[in-house]
Amino acid sequence: MNAALSILAKSIRWQNLLIVLIGLCISHFLLVQPIQMALGRETSLDQSGFILLVMSVVFIMAGGNVINDYFDVETDAQNDRFNLVAVIGKRKTLLIYGLLSLSGLAYGFYLCLRMDALQLWSVHILAFLLLLLYSNRLKSLPLVGNLLIALLCGVVPILPVLFENKSAEGVFHPSF
């Protein structure tokens, strides 16, 4: 069991997920909440809502890392790198990808439903689809794949702002 967890941890790139978690916490607790307090507003994204946001982002990203391994079997074999598919097989890798991605989408859906901001679920769906597209097609295109991943990473610290304001308008609002 420990070997399986070790393999999974390596595949989902837990260090990158930890960095995302830290970025979300910094954005939420050191930017969004203090600004809302300074403006005399209560936060829309309460503690449980923030946890749901973090879970949705981390699970979708972990799924993206797993599907990336799925499409990288040949490249990883040539470069003598670890690959989840080579260890547990294609079917189990796809199952893990599905469970992680669907869990992330479900957490995001529940958060958006709870906040009465279902339009924000499109952020989760778009990230899920773009990660799949990147893994399957775009990573082999010079610059395009790198720009897409940079864009997705750049959106992460903005997510608490989006969810706090329940729309993209809040990011550009002068009071924020």
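Residues numbered from 1 in each chain as written. Predicted model: local features only at pLDDT ≥ 70, side-chain atom pairs only at ≥ 80, totals over all residues. Heavy atoms only, no water.

Q: I'd like to hear about helix α7 (residues 121–136), residue by residue, with values.
A: In this model, α7 (16 residues) spans 23 Å end to end at C-alpha, consistent with the 22 Å of a helix rising 1.5 Å per residue. Contacts from the buried residues of α7 go to α3 (47–71), α6 (90–114), α8 (144–155) and α9 (159–165). (Helix = DSSP H or I, 4+ residues; strand = E, 2+ residues; numbered from the N terminus. Expected span 1.5 Å × (residues − 1). Contact = heavy atoms within 4.5 Å.)

Q: An account of the environment of Leu111 is needed here, citing residue identities and associated values.
A: Positionally, Leu111 belongs in helix α6. Look at Leu111 and you get buried, because its relative accessible area is 0%. Separated by 10 residues in the primary sequence, Leu111 and Trp121 have C-alpha atoms spaced 8.4 Å apart. Residues in contact with Leu111, not counting those within four places in the same chain, are Leu45, Gly49, Leu52, Leu53 and Phe163. (Buried < 20%, exposed > 50% of the residue type's maximum accessible area, 1.4 Å probe, protein only.)

Q: Talk me through the nonpolar core; I want residue IDs and the actual numbers.
A: One finds Leu24, Leu45, Leu53, Leu111, Leu159 and Phe163 to be the most contacted residues of the largest nonpolar core, which totals 39 residues. Looking at this core, the elements that each hand over two or more residues are α1 (2–12), α2 (14–38), α3, α5 (84–88), α6, α7, α8 and α9. If you tally residues by element for this core, the top one is α3, at 11 residues. When residues no more than four places from it in sequence are discounted, the contact partners of Leu24 are Phe50, Val54, Val57, Val156, Leu159 and Pro160. (Core = buried A, V, L, I, M, F, W, Y, C linked by side-chain atoms within 4.5 Å.)

Q: I'd love a proper account of the packing of α3 against α7, names of residues and values included.
A: Viewed as axis vectors pointing N to C, α3 and α7 meet at an angle of 15°, and their least axial separation amounts to 8 Å. Here α7 runs roughly parallel to α3, going by the angle between their axes. By crossing handedness, the relation of α3 to α7 is classed as right-handed. On α7, the residues touching Leu53, Ser56, Ile60, Met61, Gly64, Ile67, Asn68 and Phe71 of α3 are His124, Ala127, Phe128, Leu131, Leu132, Tyr134, Ser135 and Asn136. (Axes fitted to C-alpha atoms, helices over the stretch in contact; angles between N-to-C directions. Parallel < 35°, antiparallel > 145°, perpendicular 65-115°, else oblique. Left-handed = near helix turned anticlockwise from the far one by under 90°.)

Q: Please give an account of the confidence of the model for the protein chain that cites residues and values.
A: Per-residue confidence for the protein chain gives a mean pLDDT of 87, with 86% of residues at or over 70. For the protein chain, helix α10 (residues 169–172) is the element with the lowest average pLDDT, namely 53, and α6 is the one with the highest, namely 96. (pLDDT = per-residue confidence, 0-100.)

Q: I'd love a proper account of the packing of aromatic side chains, names of residues and values included.
A: Geometry of an aromatic ring pair is reported as the spacing of the ring centres plus the angle between the planes. Within this structure, the stated rule accounts for 5 aromatic pairs. With a centroid separation of 5.2 Å and 85° between ring planes, the pair formed by Tyr70 and Phe71 is classed as edge-to-face. Ring centres of Phe109 and Trp121 lie 4.9 Å apart, and the angle between their planes is 70°; this geometry places the pair in the edge-to-face category. Within this pair, whereas Phe109 is found in helix α6, its partner Trp121 is found in helix α7, the two being separated by 12 residues in sequence. Judged by its relative accessible area of 24%, Trp121 is partly exposed. (Phe/Tyr/Trp six-rings, centres within 6.5 Å; stacked < 30°, edge-to-face > 60°.)

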